[in-house]
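Understanding the architecture of this molecule
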Amino acid sequence: MRLLRDRVPGARVIVLTSFLDDEKLLPALRAGAAGYLLKNAQPEELVRAVRAAHAGEVLLDPVVAARLIEALAVDGPEGPLDRLTPRELDVLRLIGRGLANKRIAAELRVSEKTVKTHVGHLLAKLGVTDRTQAAVLALHEGLIEQG
């Protein structure tokens, strides 16, 4: 979604999904989704969402809106790194130092497959599409130092 919005700035994306978990919802909204509907949405809701997106508005399924409000009320304002586990933070620090998965695995004494799993999770949680974006975000948030 971010790549599409970077390439076509006026693009408006409506997410139609069966997922209502925070690991899908929040990154989609952070990436600029103009709507987030569940797959059981009625055709009229889809039409309303398309019209709203075209008008520059955002339309959320009522269940999604309730979940979002609940997440904000419970979690409060948080930084992008707050959702990462301690191990994902370790992996992100090492990505920020420019290490490849094989070196990260050796450093953390885990398998390369485990590192790949951690990388996939942290990219999804941060709402970024690649390691470079993750490293830039970590630098911006003060997790790693420039140098």
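In this report, we go over the structure that sits alongside the text. (Residues numbered from 1 in each chain as written. Predicted model: local features only at pLDDT ≥ 70, side-chain atom pairs only at ≥ 80, totals over all residues. Heavy atoms only, no water.)

Comments concerning the packing of helix α5 (residues 86-96) against helix α7 (residues 112-126)
Their axes nearest at 9 Å, the elements α5 and α7 cross at an angle of 95°. As the angle between them shows, α5 and α7 are arranged roughly perpendicular. Across from Arg87, Glu88, Val91, Leu92 and Ile95 in α5, the residues of α7 making contact are His118, Val119, His121, Leu122, Lys125 and Leu126. Considered class by class, the residues forming the contact of α5 with α7 number six nonpolar, two polar and three charged. (Axes fitted to C-alpha atoms, helices over the stretch in contact; angles between N-to-C directions. Helix = DSSP H or I, 4+ residues; strand = E, 2+ residues; numbered from the N terminus. Parallel < 35°, antiparallel > 145°, perpendicular 65-115°, else oblique. Contact = heavy atoms within 4.5 Å. Nonpolar A, V, L, I, M, F, W, Y, C, P; charged D, E, K, R; others polar.)

Digging into unusual backbone geometry
Within the chain, Arg109 stands out as a residue other than glycine whose phi angle is a positive 60°. Topologically, Arg109 is positioned in the loop between α6 (101-108) and α7. Judged by relative accessible area, Arg109 falls into the exposed class, the value being 78%. (Buried < 20%, exposed > 50% of the residue type's maximum accessible area, 1.4 Å probe, protein only.)

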